[in-house]
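Chain by chain, the residues run as shown.
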Amino acid sequence: MDCDKCGAEAVMHAAYSGLHLCEDHFCRSVEKRVRSRVREDGLVPDDATPEAPDTWIIGLSGGKDSVVLAQILHETFAEDPRIELVALSIHEGIEGYRDESLAACEILTDDLDMRHEVVTYEDEFGLQMDDVAADDPENMAPCAYCGVFRRDVLSRYAERFDADKLLTGHNLDDEAQTALMNFLEGDLTQMADHFDASIGGFDTDGAKAGQPRPRHVPEDMVPRAKPLRDVPEKEVALYAHLRDLPAHITECPHASEAYRGEIQQLLLTLEENHPGTRHSIMSGYEELAGIVADEVREDQQADYGDCDRCGAPTARDVCRKCALVESVTE
Amino acid sequence: MRVTVEVVGEDTHEVEVPADATYADLLQPLDVSPHEISVLVDGRPVPEDATVDAEEVTVLRLIKGG
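Summarised in this report is the structure supplied together with it. Remember, it's a predicted structure, so these values are computed and weren't measured experimentally.

### Points about the overall build of chain B
Stage number 1. Scanning chain B from N- to C-terminus turns up zero helices and five strands.
Stage number 2. What you see in chain B, going N to C, is helices and strands ordered as β-β-β-β-β.
Stage number 3. Taken over the C-alpha trace, chain B has a radius of gyration of 11 Å; the compact-globule value for 66 residues is 11 Å, and the two agree within 12%.
Stage number 4. Judged by the C-alpha coordinates and their principal axes, chain B covers about 40 × 20 × 20 Å.
Stage number 5. Residues counted as buried form 47% of the 66 residues belonging to chain B.
Stage number 6. Total accessible area computed for chain B in this model is approximately 3400 Å², and 45% of it derives from carbon and sulfur atoms.
Stage number 7. Positive and negative charge centroids in chain B, built from 4 and 15 side chains respectively, lie 8 Å apart.

### Overview of the nonpolar core
All names here are of chain A.
Stage number 1. F26, W56, V68, L73, L85 and Y239 are the most contacted members of the largest nonpolar core, which totals 41 residues.
Stage number 2. Where this core is concerned, the elements lending two or more residues are β1 (10-14), β2 (19-22), α1 (23-40), β3 (54-59), α2 (64-77), β4 (83-91), α3 (97-112) and α9 (233-242).
Stage number 3. Top element by residues in this core is α2. It accounts for seven residues.
Stage number 4. Discounting chain neighbours no more than four positions away, the residues touching L73 are V38, W56, I58, A78, L85 and L167.
Stage number 5. Membership of the second largest hydrophobic core comes to 27 residues, among which are I57, F125, V148 and L166.

### Here's the deal with the sheet that holds β3(A)
All names here are of chain A.
Stage number 1. One open sheet holds the five strands; their spatial order is β5-β4-β3-β6-β7, and the pairing between them is parallel. Each end of this open sheet is capped by a strand with a single partner; those strands are β5 (115-120) and β7 (224-225).
Stage number 2. Of the pairings in the sheet, the one linking β4 to β5 comprises six bridges and is parallel in character. Counterpart to A87 in the pairing with β5 is H116.
Stage number 3. Relative to β4, helix α6 (residues 142-160) is tilted by about 145 degrees, and along the sheet it contacts β3, β4, β5, β6 (165-167) and β7.

### Remarks on the sheet that holds strand β3 (residues 37-41) of chain B
Residues and elements named next belong to chain B.
Stage number 1. Ordered in space as β2-β1-β5-β3-β4, the five strands form an open sheet in which the pairing is mixed. With one partner strand each, in any of the chains shown, β2 (12-16) and β4 (44-45) form the two edges of the open sheet.
Stage number 2. Two elements, β3 and strand β5 (residues 56-61), share four bridges in a ladder whose sense is antiparallel. Looking at the pairing, S38 lines up with L60 of β5.

### Quick look at the pattern of salt bridges
Residue and element names in this part refer to chain A.
Stage number 1. Enumeration over the complete set of coordinates arrives at 31 salt bridges over all chains.
Stage number 2. The residue D54 makes a salt bridge to K165 at a minimum N-O spacing of 2.6 Å. Separated by 111 residues along the polypeptide, D54 in strand β3 and K165 in strand β6 bring together distant segments of the chain.
Stage number 3. Classification of K165 by relative accessible area gives buried; the value is 5%.
Stage number 4. Ionic contacts of the salt-bridge type, sharing partners, join the residues R37, D41, R229, D230 and E286 into one network.

### A closer look at α2(A)
All names here are of chain A.
Stage number 1. Helix length check: α2 (14 residues) gives 20 Å between terminal C-alpha atoms against 20 Å at 1.5 Å per residue, within 8%.
Stage number 2. Of all the 14 residues making up α2, 12 are buried; the element is thus mostly covered by neighbouring parts of the structure.
Stage number 3. Along α2, the residues that are buried comprise K64, D65, S66, V67, V68, L69, A70, Q71, I72, L73, H74 and F77.
Stage number 4. Against α1, β3, β4, α3, β6 and α9 lie the buried residues of α2.

### Examining the interface of chain A and chain B
Stage number 1. Each partner contributes to the interface: chain A provides 30 residues, whereas chain B provides 21 residues.
Stage number 2. Together, the buried faces of chain A and chain B total about 2100 Å²; carbon and sulfur atoms form 52% of this surface.
Stage number 3. When the buried surface of chain A facing chain B is broken down by residue, K234(A), E251(A) and L268(A) rank first, second and third, together holding 26% of it.
Stage number 4. Where chain A meets chain B, there are eight residue pairs in polar contact (both at pLDDT 80 or more).

### Describing the packing of aromatic side chains
Residues and elements named next belong to chain A.
Stage number 1. All told, the structure shown has five aromatic pairs over all chains when counted by the stated rule.
Stage number 2. Look at W56 and F77: their rings are 5.0 Å apart centre to centre, the planes differ by 75 degrees, and that puts the pair in the edge-to-face class. Placement of W56 in strand β3 and of F77 in helix α2 is noted, with a sequence separation of 21 residues between them.
Stage number 3. One aromatic cluster is present, formed by Y121, F125 and F149 through successive ring pairs.
Stage number 4. Directly above the aromatic system of F161 lies the positively charged group of R115, at a separation of 4.8 Å from the ring centroid.

### A few points about unusual backbone geometry
All names here are of chain A.
Stage number 1. Positive phi outside glycine occurs at D162, with the angle close to 60 degrees.
Stage number 2. By the secondary structure assignment, D162 is in the loop between α6 and β6.
Stage number 3. Although it is not a glycine, D244 adopts a positive phi angle of roughly 55 degrees.
Stage number 4. Tracing the backbone through its elements, the reader meets D244 in the loop between α9 and α10 (258-273).

### A closer look at α3(A)
Residues and elements named next belong to chain A.
Stage number 1. Here α3 spans 23 Å end to end across 16 residues, near enough to the 22 Å set by a 1.5 Å rise per residue.
Stage number 2. Turning to α3, its buried residues number three or more, namely Y97, R98, S101, L102, A104, C105, L108, T109 and L112. Along α3, the residues classed as buried sweep out an arc of 150 degrees about the axis, all on the same side. The outward face of α3, more than 90 degrees from its buried face, is lined by the exposed residues I107, D110 and D111.
Stage number 3. Of the surrounding elements, those touching the buried residues of α3 are α2, β4 and β5.
Stage number 4. Where α3 ends, the next residue or the one after it, D113, has phi of about 55 degrees, a positive value.

About the cut-offs
Residues numbered from 1 in each chain as written. Chains lettered and ligands numbered in written order. Predicted model: local features only at pLDDT ≥ 70, side-chain atom pairs only at ≥ 80, totals over all residues. Heavy atoms only, no water. Helix = DSSP H or I, 4+ residues; strand = E, 2+ residues; numbered from the N terminus. Rg over C-alpha atoms; globule rule 2.2 N^0.38 Å. Buried < 20%, exposed > 50% of the residue type's maximum accessible area, 1.4 Å probe, protein only. Areas by Shrake-Rupley, 256 points an atom, 1.4 Å probe, with all protein chains shown as cover. Lys, Arg positive; Asp, Glu negative; His and termini not counted. Charge placed at Lys NZ, Arg CZ, Asp CG, Glu CD. Core = buried A, V, L, I, M, F, W, Y, C linked by side-chain atoms within 4.5 Å. Contact = heavy atoms within 4.5 Å. Pairing = 2+ DSSP bridges. Axes fitted to C-alpha atoms, helices over the stretch in contact; angles between N-to-C directions. Salt bridge = Lys/Arg side-chain N within 4 Å of Asp/Glu carboxyl O. Expected span 1.5 Å × (residues − 1). Buried area = accessible area lost by both parts, 1.4 Å probe. Polar contact = N/O pair within 3.5 Å; in protein donor to acceptor, adjacent residues only side chain to side chain. Phe/Tyr/Trp six-rings, centres within 6.5 Å; stacked < 30°, edge-to-face > 60°. Lys NZ or Arg CZ within 6 Å of the ring centre and 35° of its normal. Arc of directions from axis to C-beta.

Honestly, it's all geometry; don't read function into it.
See below:
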């Protein structure tokens, strides 16, 4: 089977586009999609200069997605003095699993000569996810605790490093799952938050043709972006494999997002029978979430105050993270 | 034709397919979506819609999280 671009031996077939690509054209196509997304979302602000660069934190777990993201961003921006890249890894206290993936992070960041910071739940909250998963005082999936702690760490450290943006390695499958979950849960507020926090555009001077609607970044919040969100998960994995990137290949031992797993299977079946489903879900969802955000935003602003304990923005007296830390360390 | 399909980290299957079968056809007995795996022949990825041209293939499963 030959590459549709050059006739060399193909390494993959993308059913949604009908293309067969060789290693070289496939890798270029992944890189091109990431760069287009960076451009379309308006990630590089017009006022970034070598003297006042835009600082981007890359959430680096050592898994394939974040490793591919860090590698491509490095190749795109290492020579660009307007952008500063910092990798941030979190050790949740998952023995074995996270030690190995942090080793992958070290190899990559050494290789790229990229600044790399590691934060632990132990230092931050005095807890280990292995214990939380075993004790489970709130009767929840481990991911539910871990997600709250992770968001807290990422946003606090993004602020501490004076970051302008927080970039994560979510791929097309991840985002299409989230979109479908938000839709099936009927949660418009969640959709609006998703748009303003991570998928809306940064260009505020009116969306040009083909560009996403602009997001409104809430005060005190470091905005997120997902430059891999046009690339299917399988292609991210293939890219990491072909370029021999040091990605860690074990699943978290506590992984347990049952509903997401169900949605994932549903999406894969749809994709198999109707190639392009993930792409069309996302293009409709991005538009829809932008419209919803414009509607919902007005009503929401009011009741945010500061957490009595940690000062984080919250609608309650004590934020969710502080409540969970208390519950698991009691 | 008979093809040996090794799923890395799991088990190995002997799969019987017609001569014009594709690599995707080899996945039928494995209960995996082509979107969750890569098929390798001699360590090189191959398009899943290509006609099988090997007696042994390796199947790499995707790992979630990253």
